[in-house]
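Summary of the model geometry
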Amino acid sequence: MSAPTRHVFRSRPSAARRWETGALWVFRSSTYLVLLCGALVFGHIVFKGSHTVFTKQAPFINVPFLTEAPESLYVFEYKGEKKELGDRAFRAFKIEHPEAKDVKAESYVYSAGGIFPCIVGTVLLVVGSMIIALTLGVSAAVYLNEYAVQGRVVTAIRLAILNLAGVPSVVFGLFGLGLFVIYLDWNVSLLAGWFTLAFMVLPVVITASEESLKAVPKGFREGSLALGATKWQTIRKNVLPYALPGILTSSILGIARVAGETAPIMFTAAYVVRDKLPWQGLTSVSDFFFQGVMALPYHIYVVSSKIPQNEYTERVQYGTAFVFLMIVALIATTSIVLRNNLRNRYKW
Amino acid sequence: MVTAPMTALTTSAFAMDIGTSSATPPTARPVSTVPTPSVTAPTGTPASAGPILIDIEHVDFFYGPSQALHDINLKIEEKKVTAFIGPSGCGKSTLLRCLNRMNDLIDGTRVAKGQIKIRGVDIYERSVDVIELRKRVGMVFQKSNPFPKSIYENVTYGLRLQGRSNKADLDAVVEKSLRGAALWDEVKDRLHTSGLGLSGGQQQRLCIARAIAVEPEVILMDEPCSALDPIATVKVEELIQELRTRFTIVIVTHNMQQAARCSDKTAFFYMGKLIEYADTRAIFMNPANAQTEAYVSGRFG
């Protein structure tokens, strides 16, 4: 390089410059730290879970794990050979080999078989509660934002909704237990779980729906009203469609929360184990709504709280967590695709 | 023709419309004190013999506690272009939005005193259905607001609200309205593309097409050209000249040349009061009021 340039625009060290550099690095490192945490958690689950979910041989997917109900696992030694068999297989084995009748086997609950009932239960819980939450939440948001006279009452309602978001999920669980399970006598049922979970995500849905309604320009409403539309016609044809992408974004957050919560369903909807699938053994339609289900997060909790922990229980836990993440990712991706389609249709 | 909107706005009152209102004397200058304005009007043709369509009588209007309009008296003639001019905040847009009750949308607004009659019906009366009113009194906004739908859907929006869904019927109205808004030739090949893909001036004409598609009697225009470039402005002004044969037009404008170019009558507002109302030529060439003269000659406002 040549001699240092001395023009008027040369950079000079100053406090502002040092702050600029410092601030940039604080922001940058914070972001990377978050990324690192996320990657560690996901990586851990994916790494350990994939051993359970994927196999080395032909279908490469552990089909029984995804399609069967949980069973106890029996581990024993037979003729110098270590065997791990699920409940049914173990009994069949004992019939086949009568001499093995008194073999000493260690048993581990739910460590064999699969998690199919939990997958079904979680999907049912998510779909039902999101339908309830979106119906109630969007209606409330439309009322608050489009119809209600803005004043103290509405402010108080908004404050109450925000406070609701801060209530711990176990309190929602107890609330559901008290109101739906006991008082309304719905028992531990899908219906009770749906409403409990829906109430839990309502604040998120209402707040986000209101924000996306607010983001729709006032001109669309005025233009429509000036053509002789009623308020509801205006909202239905010319406000809600444009707010839908934002509402869907909020519901994606809601889905992740609903699917993952354990506390609200442990008192209201979840069974530790249930041998029937939700569509089996129904005598009437209403039976469907008044049955408990197994659910992924609760299954993780149940298996994880078994003592002692060992390699057999760990397999199920990580496998379940992995499957759970995949399901949430799948539902969320569907919503995101839907949202992006809507966004492209209505651009302004 | 569609006469459905007629019914709800108290049909009986409409029945007595033109007969009585044309009997009332043509508009005068309600506030100005200088006499014989029409004599000095350079046109020599007062052109104010038309029947009165909108009759604003002693209107006081409030936004919450603050009064925006003070005792407005104004008679707007049928099939004429009436311009409201005045500096910002003078109440001209407020008055315009009273005419189709768009102010109802703002919490805490009220017409405290007086009446606004359209064809003899007080539009703030309890029995008036505001939906029917707005079907008859269309509006074009300052910021063009085509809906993020196709051009076709934009124009048919008002018709579909009325339950008209016959394809051939809608097609005909779309063509008629777009021709009426001098937009047909520019968009006829892309009726099903988004209205937001149009230029600013085209968007505003699309909004006009949307407004005339429902065949209103009155079109209110709230500074329709303030966001447009001069060429687009000229097109909209030419359009106003064509529309005046079919509709009664009330236009709010900041642009005094625009008022002078395209209106028959002009009302000058200041501080929520109607200062002067007369034939446009009289207002600009020979204003009766000193404030009006100061404003139109650019000395304030």
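Residues numbered from 1 in each chain as written. Chains lettered and ligands numbered in written order. Predicted model: local features only at pLDDT ≥ 70, side-chain atom pairs only at ≥ 80, totals over all residues. Heavy atoms only, no water.

**Comments concerning the overall build of chain B**
Rules: Secondary structure elements are defined from DSSP: runs of H or I of at least 4 residues count as helices, runs of E of at least 2 residues count as strands, and each element is numbered from the N terminus. For every residue, the accessible area (1.4 Å probe, protein chains only) is compared with the maximum for its type, and the residue is labelled buried under 20%, exposed over 50%, or partly exposed between those bounds. We call two residues contacting when some pair of their heavy atoms lies within 4.5 Å. Working definition of accessibility: Shrake-Rupley area with a 1.4 Å probe, residue cover restricted to the visible protein chains.
Scanning chain B for helices and strands turns up 14 helices and ten strands. Within chain B, the fraction of its 301 residues that count as buried is 55%. Considering only intrachain contacts with a sequence separation of at least 6, the fraction spanning at least 24 residues in chain B is 70%. Looking at chain B as shown, the accessible area adds up to about 12400 Å², and 55% of this sits on carbon and sulfur atoms.

**Some words on the overall build of chain A**
Note the cut-off: Our radius of gyration is a C-alpha quantity, and the globule rule it is checked against amounts to 2.2 Å times the number of residues to the power 0.38. All tallies of charge rest on Lys and Arg as positive and Asp and Glu as negative; His and the ends of each chain are not included. Just so you know, the charge point we use is NZ for Lys, CZ for Arg, CG for Asp and CD for Glu.
Broken down by element type, chain A carries 14 helices and three strands. In terms of C-alpha radius of gyration, chain A reaches 27 Å, well past the compact-globule figure of 20 Å for 348 residues. Seen through its principal axes, chain A has C-alpha atoms that stretch 90 × 75 × 35 Å. When each of the 348 residues of chain A is scored for burial, the buried share is 41%. Sequence-distant contacts, at least 24 apart, represent 75% of the contacts inside chain A between residues at least 6 apart. A total accessible area of about 19400 Å² is found for chain A, and carbon and sulfur atoms account for 66% of it. Across chain A, the mean location of the 33 positive side-chain charges is 17 Å away from that of the 21 negative side-chain charges.

**Looking at the interface of chain B and chain A**
In many analyses, interface size is given as the accessible surface area lost on bringing the parts together. Test applied: Accessible area that two parts lose when put together, evaluated with a 1.4 Å probe and summed over both, is termed the buried area. Basic side-chain nitrogens of Lys or Arg form a salt bridge, by our definition, when they fall within 4 Å of a carboxyl oxygen of Asp or Glu. Amino acids are sorted into nonpolar (Ala, Val, Leu, Ile, Met, Phe, Trp, Tyr, Cys and Pro), charged (Asp, Glu, Lys and Arg) and polar (every other residue, Gly among them).
Counting residues at the interface gives 25 residues for chain B, matched by 22 residues for chain A. When chain B packs against chain A, the two sides together hide about 1900 Å² of surface, and 62% of this comes from carbon and sulfur. On the chain B side of the contact with chain A, Pro 148, Tyr 157 and Leu 161 of chain B bury the most area, a combined 31% of that side's loss. The tally of links from chain B across to chain A stands at one salt bridge. Between Arg 97 of chain B and Glu 222 of chain A there is a salt bridge; the shortest N-O distance is 2.9 Å. Put simply, the parts of the chain that give the side of chain B that touches chain A at least two residues each are helix H6 (130–136), strand S6 (137–140), helix H7 (151–161) and helix H10 (200–213) of chain B. A total of four residues in the side of chain B that touches chain A trace back to one element, the largest contributor, which is H7 of chain B. When grouped by side-chain class, the residues that make up the side of chain B that touches chain A number 14 nonpolar, four polar and seven charged.

**Regarding the environment of Arg 205 of chain B**
Mapping Arg 205 of chain B onto the fold places it in helix H10. Discounting residues that sit within four places of it in the chain, Arg 205 of chain B has contacts with Ala 181, Ala 182, Leu 183, Glu 186, Lys 235, Val 236 and Leu 239 of chain B.

**Topic: the sheet that holds strand S3 (residues 105–113) of chain A**
All names here are of chain A. Formally: Two strands are said to pair when DSSP picks up at least two bridges between them. Axis definition: a line fit to C-alpha positions, over the contact stretch in the case of helices; interaxial angles, taken between N-to-C directions, run 0 to 180 degrees.
Pairing within the open sheet is antiparallel, and its three strands lie in the order S2-S1-S3. The open sheet has two edge strands with one neighbour each: strand S2 (81–86) and S3. Direction aside, the axes of adjacent strands within the sheet are offset by 25 degrees on average. Where strand S1 (residues 70–78) meets S2, six bridges bridge the pair, whose relative direction is antiparallel. For Tyr 78, the partnering residue across the bridge sits in S2 and is Glu 81.

**A few points about the pattern of salt bridges**
Inspection of the entire model under this criterion finds 29 salt bridges over all chains. Beyond isolated ion pairs, a larger network of salt bridges with shared partners links Glu 77, Lys 80, Lys 265 and Asp 279 of chain B.

**Considering the packing of helix H13 (residues 296–304) of chain A against helix H14 (residues 311–345) of chain A**
Residue and element names in this part refer to chain A. As a reminder, the rule being used: For classification purposes, angles smaller than 35 degrees are called roughly parallel, those larger than 145 roughly antiparallel, those between 65 and 115 roughly perpendicular, and all remaining angles oblique. The sense of a crossing depends on the near helix, which, turned anticlockwise from the far helix by less than a right angle, makes the crossing left-handed and, turned clockwise, makes it right-handed.
Where H13 meets H14, the axes come as close as 9 Å, and the angle between the chain directions of the two elements is 165 degrees. Considering their axes alone, H13 and H14 lie roughly antiparallel with respect to each other. Like other packed secondary-structure pairs, H13 and H14 cross with a definite hand, here left-handed. On H14, the residues that touch Leu 296, Pro 297, His 299, Ile 300, Val 303 and Ser 304 of H13 are Thr 313, Val 316, Gln 317, Thr 320, Ala 321, Phe 324 and Ile 327. Looking at side-chain class alone, the contact of H13 with H14 contains eight nonpolar, five polar and no charged residues.

**Observations concerning the confidence of the model for chain A**
The criterion, for reference: Think of pLDDT as the predictor's per-residue confidence, scored from 0 to 100.
For chain A, mean pLDDT is 87; residues scoring 70 or higher make up 99% of the total. By mean pLDDT, S3 of chain A is the weakest element of chain A at 80, and helix H1 (residues 15–53) of chain A is the strongest at 93.

**Some remarks on the packing of aromatic side chains**
All names here are of chain A. As a reminder of what qualifies: Any Phe, Tyr or Trp ring, taking Trp's six-membered ring, that has another such ring centre within 6.5 Å forms a pair; planes under 30 degrees apart are called stacked, those over 60 apart edge-to-face, and the others tilted.
Inspection of every chain in the model, using the stated rule, returns 23 aromatic pairs over all chains. Ring centres of Phe 54 and Phe 322 lie 5.7 Å apart, and the angle between their planes is 75 degrees; this geometry places the pair in the edge-to-face category. With a gap of 268 residues between them, Phe 54 in the loop between H1 and helix H2 (63–67) and Phe 322 in helix H14 connect regions that are remote in the sequence. Judged by centre distance (5.5 Å) and plane angle (85 degrees), the ring pair of Phe 288 and Phe 289 falls under edge-to-face. For Phe 288, a relative accessible area of 22% gives the class partly exposed.

**Some words on the sheet that holds strand S9 (residues 265–270) of chain B**
Residue and element names in this part refer to chain B. Ordered by their spatial adjacency, six strands build an open sheet running S6-S7-S8-S3-S9-S10, and the pairing between neighbours is mixed. Two strands in the sheet have a free side with no partner beyond their single neighbour: S6 and strand S10 (273–279). Geometrically, the sheet is characterised by an average inter-axis angle of 15 degrees between neighbouring strands, direction not taken into account. Pairing of S9 with S10 involves six bridges; the strand directions are antiparallel. From the neighbouring strand, Ala 267 faces S10, where its bridge partner is Tyr 277. Against the sheet, H10 makes contact with S6 and strand S7 (218–222), and its axis sits at roughly 170 degrees relative to S6, the strand it touches most.

**Quick notes on a nonpolar patch on the surface**
Residues and elements named next belong to chain A. This is how the line gets drawn: Grouping into patches uses exposed residues only, defined as over 30% relative accessible area, and leaves out salt-bridged ones; the cut-off is 9 Å for like charges and 5 Å for nonpolar side chains (Val, Leu, Ile, Met, Phe, Trp, Tyr).
A contiguous nonpolar surface patch, about 350 Å² in accessible area, is contributed by Val 41, Phe 42, Val 46 and Met 326. By residue number, the principal contributor to the nonpolar patch is H1, which donates three residues. Topologically, Phe 42 is positioned in helix H1. Among the residues examined, Phe 42 registers a relative accessible area of 46% and is labelled partly exposed.

**Focus on the nonpolar core**
This is how it is decided: The definition of a nonpolar core used throughout is a set of buried Ala, Val, Leu, Ile, Met, Phe, Trp, Tyr and Cys residues joined through side-chain atoms within 4.5 Å.
Core analysis: the largest hydrophobic core is formed by 71 residues, its most contacted members being Leu 178, Leu 191, Ile 208, Met 221, Ile 240, Leu 243 and Ile 249 of chain B. Among residues more than four places away in sequence, those in contact with Ile 249 of chain B are Lys 80, Val 81, Thr 82, Ile 219, Met 221, Ile 240, Leu 243 and Arg 244 of chain B. Within the second largest apolar cluster, 46 residues are counted, among which are Leu 125, Ala 198, Ile 265 and Ala 321 of chain A.

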